[in-house]
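# Inside the fold
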Amino acid sequence: MTLDPRALSRLWEQQWPECPPVAHRLRGHHPDRWIRFHSLPESKRHPDDEAEYAVVLDRHHTVLSELNPGSDLLVITTEWTDSPALTPQRWPRRSEVAPAAQHWQTLIEEPDEEPEFRTWTRLYAEARPWRPGIVDAVLRAVADDEIGNVLLGPADLRWLYHPYDGGADVILPTRAERDALRDRHRTWLSTHPAGL
């Protein structure tokens, strides 16, 4: 599937009009459809060995498979710069794990900041034919806190999956779908009252 950046922007606006494609902002905009799963038992944040990486990847594969992305999985990765200009990529790890991603759009993090302190978020997108394991390099880089602000979703963006180092936030189309997913994986939930 070839991505058209303008079509992807229109689709994002249609599906997620209240929020820009900045992963950490989504749960605040959609708390009634949000759920967080931890990627290791006892809410351990980072894997220490291959056995723990296997648990992390298995949990991601399980939830993504249950969400059923269809034939293609959209992969959105991010890098940050101090300029809106398209310059050579500064985050080599991002381009290593998502080499086919193309520039989608650039956003300013905090428009009201003084110009010398502004940060620009450069988003890259690609579609990969879905199968468990297709984004393992991305998920491992996220687990190791080498990249961030990753979003995964189906071609129609009906749900969003945001892996982070320690777990994943999922935004589902409805509260009922969120509740059903939560109920299937209660042991992966946080004990924190806010679900964090």
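Not measured: the values here are computed from a predicted model.

## Observations regarding helix α1 (residues 5-15)
Along α1, the residues that are buried comprise Leu8, Leu11 and Trp12. End-on, the buried residues of α1 take up no more than an arc of 100 degrees, which puts them together on one face. Turned more than 90 degrees away from the buried face of α1 sit Arg6, Arg10 and Gln14, all of them exposed. Looking at the packing, one finds that the buried side of α1 touches α2 (23-29), β2 (72-81), β3 (102-108), β4 (120-129), β5 (151-154) and β6 (160-164). Between a side-chain oxygen at the N-terminus of α1 and the backbone nitrogen of Arg6 the separation is 3.0 Å; the capping residue is Asp4.

## Section: the pairing of β4
Look at any regular strand and the pattern is simple: side chains alternate between the two faces of the sheet. Among the 10 residues of β4, 9 are classified as buried, and the element is accordingly described as predominantly covered. The pairing of β2 with β4 spans 10 bridges and is classified as antiparallel. From the neighbouring strand, Trp80 faces β4, where its bridge partner is Thr121. Alignment of β3 against β4, held across 6 bridges, turns out to be antiparallel.

## Observations regarding the pattern of salt bridges
For the coordinates displayed, the defined rule picks out 17 salt bridges. For Arg128, the salt bridge identified is with Glu126, shortest N-O distance 3.2 Å. Owing to a relative accessible area of 12%, Arg128 belongs among the buried residues under this scheme. Classification of Glu126 by relative accessible area gives buried; the value is 7%. Residues joined by salt bridges that share partners form a network here, namely Arg178, Asp179, Arg182, Asp183 and Arg186.

Rules used throughout
Residues numbered from 1 in each chain as written. Predicted model: local features only at pLDDT ≥ 70, side-chain atom pairs only at ≥ 80, totals over all residues. Heavy atoms only, no water. Buried < 20%, exposed > 50% of the residue type's maximum accessible area, 1.4 Å probe, protein only. Helix = DSSP H or I, 4+ residues; strand = E, 2+ residues; numbered from the N terminus. Arc of directions from axis to C-beta. Contact = heavy atoms within 4.5 Å. Polar contact = N/O pair within 3.5 Å; in protein donor to acceptor, adjacent residues only side chain to side chain. Pairing = 2+ DSSP bridges. Salt bridge = Lys/Arg side-chain N within 4 Å of Asp/Glu carboxyl O.

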